[in-house]
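Residues per chain are reported as follows:
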Amino acid sequence: LAHRGHAVVVPEPLHEEGLREGILCMRWVAGEKISVVSPLLTKRPRVFRDCVTALVDAHACLLFHGGLVHMDPHPGNVLIDVRADAAVPVLLDWGMHQRLEDSQRLGIARVVDAVARGAGVTAVSVLMDIKSA
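Owing to the predicted nature of the structure, the values given are computational and were not obtained by experimental measurement.

Enquirer: Tell me about the environment of Met26, and please be specific about residues and values.
Expert: Along the chain, Met26 falls in the segment before strand 1 (32-33). Taking the relative accessible area as the measure of exposure, Met26 reaches 18% and is therefore buried. Measuring from C-alpha to C-alpha, the distance between Met26 and Val10 comes to 9.0 Å, with 16 residues separating the pair along the chain. Leaving out residues up to four positions away in the same chain, Met26 has contacts with Val10, Pro11, Glu12, Pro13, Leu14, Leu91, Leu92, Asp93 and Trp94.

Pasting the structure below:
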């Protein structure tokens, strides 16, 4: 994402003594819930557009290049670090995620392509193929 000019923060997990197995603890990072900040950012259209683009690109990159899906992306797990000239998405709580098989990842890419082309019948057909695989 950096080569596309987008900043996105994913805090580092902590691996400290005393943490129980199966518990994900991440470093603290600055930010406010997206649901709190987004109404304020609409008054800064360029910053808002760039932030949303970075957020969508981050999830698309994780899905289509890494085969990784965040399974709990509610507003509490998406913070925005509002700065003077930018708003940087912060993606939290990767304890619930799913790694997709290549066939699933490529199938989702085919669905997105079909939807972008307005080929609804194809999109539904591809979804059915993914489901039955």
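Enquirer: Can you tell me about the layout of surface pockets, naming the residues and giving the values?
Expert: The computed volume of the largest pocket comes to approximately 180 Å³. In terms of lining residues, the largest pocket is bounded by 13 residues, among which Gly5, His6, Asp50, Cys51 and Ala86 are the most central. Of all the secondary-structure elements, those providing two or more residues to the lining of the largest pocket are helix 2 (45-64) and strand 4 (87-91). Looking at which element gives the most residues to the lining of the largest pocket, the answer is helix 2, with six residues. Along the lines of polarity and charge, the residues of the lining of the largest pocket split into seven nonpolar, three polar and three charged.

Enquirer: Go over the nonpolar core with me, naming the residues and quoting the values.
Expert: Counting residues in hydrophobic clusters, the biggest one holds seven residues: Met26, Leu55, Ala58, Leu68, Val78, Leu91 and Trp94. Formed by six residues, the second largest nonpolar core is a distinct cluster that contains Val37, Leu41, Ile80 and Ala87.

Enquirer: Break down the side chain of Asn77 for me, with residues and values.
Expert: Note on placement: Asn77 falls in the loop between strand 2 (68-70) and strand 3 (78-82). Within the structure, the side chain of Asn77 is placed 2.7 Å from the backbone oxygen of Asp72, a separation counted as a polar contact. When sequence neighbours within four positions are dropped, the list of residues in contact with Asn77 reads His70, Asp72, Val90, Leu91, Leu92 and Asp93.

Enquirer: Can you lay out the sheet that holds strand 4 for me, pointing to particular residues and giving the numbers?
Expert: Ordered in space as 1-3-4, the three strands form an open sheet in which the pairing is antiparallel. Only two strands of the sheet have a single neighbouring strand rather than two, namely strand 1 and strand 4. Alignment of strand 1 against strand 3, held across two bridges, turns out to be antiparallel. Bridge assignment links Lys33 to a residue of strand 3, and that residue is Leu79. Lying over the sheet, helix 1 (residues 34-41) contacts strand 1, strand 3 and strand 4, oriented at roughly 45° with respect to strand 3. Those strands touched by helix 2 are strand 3 and strand 4, and its axis lies near 30° from that of strand 4.

So, how was this worked out
Residues numbered from 1 in each chain as written. Predicted model: local features only at pLDDT ≥ 70, side-chain atom pairs only at ≥ 80, totals over all residues. Heavy atoms only, no water. Helix = DSSP H or I, 4+ residues; strand = E, 2+ residues; numbered from the N terminus. Buried < 20%, exposed > 50% of the residue type's maximum accessible area, 1.4 Å probe, protein only. Contact = heavy atoms within 4.5 Å. 1 Å grid on protein atoms, 1.4 Å probe; cavity = no way out; pocket = protein on both sides within 12 Å on 5 of 7 lines; lining within 4 Å. Points joined across faces, edges and corners; volume = space filled by probe spheres on them. Nonpolar A, V, L, I, M, F, W, Y, C, P; charged D, E, K, R; others polar. Core = buried A, V, L, I, M, F, W, Y, C linked by side-chain atoms within 4.5 Å. Polar contact = N/O pair within 3.5 Å; in protein donor to acceptor, adjacent residues only side chain to side chain. Pairing = 2+ DSSP bridges. Axes fitted to C-alpha atoms, helices over the stretch in contact; angles between N-to-C directions.

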